[in-house]
Each structure stands twice: as C-alpha cells, then as structure tokens.
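Take a look at the letters that make up each chain.
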Amino acid sequence: MSFLSHLISGISLGSIYAIIALGYTMVYGIAKMLNFAHGDVIMVGAYSCFFLMSRFHLPVIVGVVAAMLVCTLLGVTIERLAYKPLRAAPALAVLITAIGVSYFLQNAALLLWTSNPKVFPSIAGNTSIKLLGGQLSISPTALLSIASCIVIMVALTWFTSSTRMGKAMRACSEDKGAAQLMGINVNVTISMVFAIGSALAAIAGILLCSAYPTLTPTTGSMPGIKAFTAAVFGGIGSIPGAMIGGILLGIIEIFGKAYISTQLSDAIVFLVLIIVLLVRPAGILGKTVQEKV
Amino acid sequence: MLTVTDLNVYYGAIHAVKGISLEVNEGEIVTLIGANGAGKSTTLQTISGLLRPRTGTVTFLGEPITNLPAHKRVERGLAQVPEGRRIFLSMTVAENLEMGAYSQRGADTASGMEQVFTLFPRLQERRKQIAGTLSGGEQQMLAMGRSLMSRPKLLMLDEPSMGLAPILVEQIFSTIVEMNRAGTTILLVEQNAQMALSVAGRAYVLETGQIVMQGNARELSGNEEVKKAYLGG
Ligand SMILES: Nc1ncnc2c1ncn2[C@@H]1O[C@H](COP(=O)(O)OP(=O)(O)O)[C@@H](O)[C@H]1O
Ligand SMILES: [Mg+2]
C-alpha cells in the first residue's frame, strides 16, 4: 500500500514540476533561451495568491486568477524589458541576464514580504480522501495537482494543434524568419508564450505551496531548477516531453526519498538526468529534425 | 509596383548590397541573376523586410515600406518564397498552407487551398503528411503554394530551382509562368540564368552587390558577356 501511496505522491509532485517545465520548454522552444527567472515567477505567483487571500480574504478562485494575472503581466514585462533587447545577443548574455532577473525577483520579494516564511494554507483544503477501506489516503492537494496537470496538458495540446495563435507559435519556434514572411508578428507571439508560461507558473506556485506550505522568497529556486531538469529530461522544446519529464522526475524524487535516502533524493534526481542525457542527448522526446535537400 | 532606390545593406562590416536600384511593374516577370554571393538573397530579404538597409528606400504600390515590419508587408500583398524553401518541417502540408494564409485572418482559407491544390495536385494527396517527409520537389511546391495563400500581388522567389532535378525545374518554372498569367507579378532570383531568362521579360545582372547590366531578358540572353559569365559559353 505504501508503494501506491508513494506513487501517487510522486505523480502529484511530478505534475507540479510538469506545469513549471512547460513554461521552460515553451519559452525555450520559441525564444531559444533558458528563462532562469521562471522559478521565481512561481514564487511571485504564490505570494500574490497568499497576500490576496490572507489580507483581503478573497475566495480561493479569485486569488488564483489574480495571481495568474500578476504573473502573466510580470512574465510579459520581463520579456519586454530584459530579453527582447537581447534577441540577437549571444546566448551567454541572455543567460546571465536571466540569472540577474532571477536575483532581482528574489530580492524584490525579500523587500516586499521579508524573509520570514509564510505558512501557505492549502487551497484544496485538508480533508484527505480515504480509499481501499482507509488503507490508502490521498491528500486533496495531490488530486488537485494531478487534475490541473491533466487539464493544462489537454488545453495546451488543443491550443497548439488547433488554434491560429497556437500554430503560429509552432511556426515561430521552428523558423522565425519564415514565420514573419507568413505575416506572423513574432514579437507578439513570443509575448504570448511568456504570458502562458507565466500564468502556468502561478498555478504551479500555488499548488506547490499548497503541498509544501512554507513560502519564502527562495521558494521557487529549487523547484525551478528541478522543473528545468525535467524539461531537459523530456526533451527541451517538446510540450509532451515536459509533461513526461516532470512526472517521471516527481516519481523518481519521491521513490528516492522513500526507498533510498531522504538526503540523497535530489542527487538521485540529477544523477538520473545525467544518465538519460548520456544515452539520449536530446532527452526522451527531443528530436533532431533532418533537413531534406 | 515595386521601386527600390539606392539600397545599401550591410552584415556588420560586410557591404553586401551596394547601391542597388530596381523596378518591377505590374504584371511583369523580372529576374535578378548573378553568381553565388552576388547579393541576390540579401536584396530580396531587404525588400521583404527580414533585413534593414543602411540607406535607400523600398516603395511598394506607391507607398514607402522601408521601415515597415516584415509581417505587415505580407498584408500589403508582398510575399517571398525564401531561399532553401524554409517550410515548417514539423507541421503538416495543410498547416503550412494555413500559416501561409495567416495574414488573411482566416478569410477564405479553404478556397485559397483549393487554388493551390489545382496548381499542385501533389500537395492535395499529401495534405495530412508532415512537411519534413516530402521530397525536395514537393517541398518547393509547398513553399510556393504557402506563399500564394497570402494572395500576393508581388511574389518574390529566391532560387526555386535550387537542388532540383531538371524535370522538376521545368515544372516549377512553368508554374511560375502560370501564376504570372493568373495575375501575380513575379520577381525571380536565380543562379540558373538560362531558365530565368527564358521566362522573364526583364532582367538585372548582379555582381558583388552591384547591378552591372539590365534590360530585356531576350536581349540579355543573347549578350556575349552574359553568355560567357552565366550561360556557360
Ligand atoms: N548572415 C550573413 N552574415 C554575413 N555575411 C553574409 C550573410 N549572408 C550573406 N552574407 C554575405 O553577403 C554577400 C551576399 O550574399 P547573398 O545575398 O546571400 O548572395 P546570393 O543570394 O546572391 O548568393 C555574400 O558575400 C555573403 O557572404
Ligand atoms: Mg542566395
């Protein structure tokens, strides 16, 4: 029974990683950059929700939607101010800028909300669901995380395969010049991707803090790095890859904690990443498109 | 229809296009020929807006578009089939065509596709196929069909014959003539000067970023210098 319960915890944590990894992978897909600050957008999302719910006693759904709006605005602004001027710059300059943005967000949060940890109440409540005659207990946060992940996956798949904007996004990811020649406004499309990724980051931040209630200005860092790992693991640039990578990473982490060592669980996660990349450098679903002549 | 005046384009310190002026009138097929590296693609990309000139102007349908972003030029009826085709390899044939109609904002994509399929029946058979799995010739057809989806007034083609077998080259060129008869003005860039001169009305010869000769295509193909340099004798 404990196996099943660990598996569910793993999938639920993995769902959160997957939602974060989507932001990394979509931004990488279109802007070919690692948005190192993505993890900190998660933290801002969690704080926004916490602040609105605790200060103004707004209902959960209002808090969540408002946090998504805050993060969307933040993500688009970061892109516009910090990354857009560097479109033609070397990758290293962009990466350093992204790390700078990350520190900026953490320090801004420190100023605004201090370093005192906030205790984040789970938005899903605390009544566990008992299954199999009470032998298996599932937290409502775990269920909500898994459900959110599924809904987001379905919605994003539909968006990228069936909408005009979604297809334009794929076109830009593949060839920005050719996309422009089709009449696609590449800048607007990139902003759109940052908006979606950041809104998802808000959801992930709220779910994360619902599962692990301590909220500090550095809350987003480690999950951010792990979700980035998940995105690379699944094949960076691939949406299903981010999903699979995230969920596998969550399962590996929880199983590592349960059956091997609590202290080593993070090391195990990264060890698995290294092994996967040695065997498949492009990640699980990463592909190298061959050009035909 | 299109007037380019004294265009100078640089890549950093490299002066790739040196004071080019050219003109395309409605209904014409005009060709720009020249050796590899002469600056043909740079010129086309500056007209389509992917590159910005340091000096000079581009006027389309009587209005200056030198500073207009590339995606807005498509809306005005200026389309380009880029060198190397650059179709979206991971998307299906139909999705590529839909992207071609992006500037039309969804208006009448179906009838546009019908027209493309009439011109290229092969694409209809393969419309659900991933573009990356098409043969080179089919990819060129797709690249051309995709550009037609924006219903261009002026279509610029950059080396449509590149890498294709002679029989396919014939087919591509006869399609270009067909598109022109249907009302699309054509600016054609080619290294295959013989083919280009045989379909064009007028031609410009480009050498190291400058226009060195221009005039009636038939006269140019009889010119000794052109024969020697571009027609293999
Ligand atoms: N992206 C680039 N960066 C630097 N130089 C370039 C670039 N593209 C083209 N060039 C140079 O500009 C000149 C013209 O190139 P191009 O317009 O591609 O010629 P063509 O299409 O006639 O073969 C060449 O000398 C080429 O090396
Ligand atoms: Mg060229």
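Residues numbered from 1 in each chain as written. Chains lettered and ligands numbered in written order. Predicted model: local features only at pLDDT ≥ 70, side-chain atom pairs only at ≥ 80, totals over all residues. Heavy atoms only, no water.

Colleague: Break down the sheet that holds strand β7 (residues 154–158) of chain B for me, citing the residues and quoting the values.
Modeller: All names here are of chain B. If you trace the six strands from one edge of the open sheet to the other, you get β6-β7-β8-β3-β9-β10, paired in mixed fashion. In this open sheet, the two edge strands, each paired with only one partner strand, are β6 (78–81) and β10 (210–216). Going across the sheet, the axis of each strand differs from the next one's by a mean of 15°, ignoring polarity. Note that strand β9 (residues 202–207) and β10 share six bridges and pair antiparallel. (Pairing = 2+ DSSP bridges. Helix = DSSP H or I, 4+ residues; strand = E, 2+ residues; numbered from the N terminus. Axes fitted to C-alpha atoms, helices over the stretch in contact; angles between N-to-C directions.)

Colleague: Kindly report on the coordination of the magnesium ion (ligand 2), identifying the contributing residues and their values.
Modeller: Residue and element names in this part refer to chain B. Within the first shell, the magnesium ion (ligand 2) binds the protein through Ser41 (OG) and Glu83 (OE), at distances of 2.0 to 2.3 Å. Here Glu83 lies in the loop between β6 and α3 (93–100) and Ser41 lies in helix α1 (residues 40–48), a separation of 42 residues in the sequence. Relative accessible area serves as the criterion here: at 34%, Glu83 is assigned to the partly exposed category. (Donors = N, O, S within 2.8 Å, 3.2 Å for Na, K, Ca; no water. Buried < 20%, exposed > 50% of the residue type's maximum accessible area, 1.4 Å probe, protein only.)

Colleague: Requested: an account of the interface of chain A and chain B, with residues and values cited.
Modeller: On the chain B side, the residues contacting the 22 residues of chain A number 29 residues. Together, the buried faces of chain A and chain B total about 2,400 Å²; carbon and sulfur atoms form 57% of this surface. Our count for the chain A to chain B interface comes out at three salt bridges. Arg170(A) is paired through a salt bridge with Glu95(B); the nearest N and O atoms lie 2.9 Å apart. Linking chain A to chain B there are seven residue pairs in polar contact (both at pLDDT 80 or more). When residues of the side of chain A that touches chain B are traced back to their parent elements, those giving at least two are α6 (164–174) and α7 (176–181) of chain A. (Contact = heavy atoms within 4.5 Å. Buried area = accessible area lost by both parts, 1.4 Å probe. Salt bridge = Lys/Arg side-chain N within 4 Å of Asp/Glu carboxyl O. Polar contact = N/O pair within 3.5 Å; in protein donor to acceptor, adjacent residues only side chain to side chain.)

Colleague: Go over the site of ligand 1 with me, naming the residues and quoting the values.
Modeller: Residue and element names in this part refer to chain B. Around ligand 1, the surrounding shell consists of Tyr11, Ile14, Ala16, Ala35, Asn36, Gly37, Ala38, Gly39, Lys40, Ser41 and Thr42. Tyr11 is positioned such that a nitrogen or oxygen atom in its side chain is 3.4 Å from a nitrogen atom of ligand 1. One nitrogen or oxygen atom from the main chain of Gly37 is found 2.7 Å from an oxygen atom belonging to ligand 1. Against a free-state accessible area of 560 Å², the protein chains account for coverage of 61% of ligand 1. For the shell around ligand 1, the elements supplying multiple residues, two or more each, are β2 (14–24) and α1. (Near = heavy atom within 4 Å. Areas by Shrake-Rupley, 256 points an atom, 1.4 Å probe, with all protein chains shown as cover.)

Colleague: Before we move on, can you summarise the packing of α3(B) against helix α6 (residues 136–148) of chain B with the specific residues and values?
Modeller: Residue and element names in this part refer to chain B. Running from N to C, α3 and α6 point in directions that differ by 35°, and their axes come no closer than 7 Å. The way α3 lies across α6 gives a crossing that is right-handed. Across the interface between the two elements, Val93, Asn96, Leu97 and Gly100 of α3 pack against Leu142, Gly145 and Arg146 of α6. Along the lines of polarity and charge, the residues of the contact of α3 with α6 split into three nonpolar, three polar and one charged. (Left-handed = near helix turned anticlockwise from the far one by under 90°. Nonpolar A, V, L, I, M, F, W, Y, C, P; charged D, E, K, R; others polar.)

Colleague: Describe in detail the packing of aromatic side chains, supporting the description with residues and values.
Modeller: All names here are of chain A. Per the stated rule, a full pass over the model turns up seven aromatic pairs over all chains. Consider the rings of Tyr24 and Phe228, whose centres lie 5.6 Å apart with planes at 50°: the pair is tilted. In this pair, Tyr24 is assigned in helix α1 (residues 2–31) and Phe228 in helix α9 (residues 221–234), connecting sequence segments 204 residues apart. Ring geometry for Tyr47 against Trp113: centres 4.3 Å apart, planes inclined by 5°, an arrangement best described as stacked. Within this pair, whereas Tyr47 is found in helix α2 (residues 38–56), its partner Trp113 is found in helix α4 (residues 91–113), the two being separated by 66 residues in sequence. Judged by relative accessible area, which is 1%, Tyr47 ranks as buried. Taking relative accessible area as the criterion, Trp113 reaches 17% and is therefore assigned buried. (Phe/Tyr/Trp six-rings, centres within 6.5 Å; stacked < 30°, edge-to-face > 60°.)

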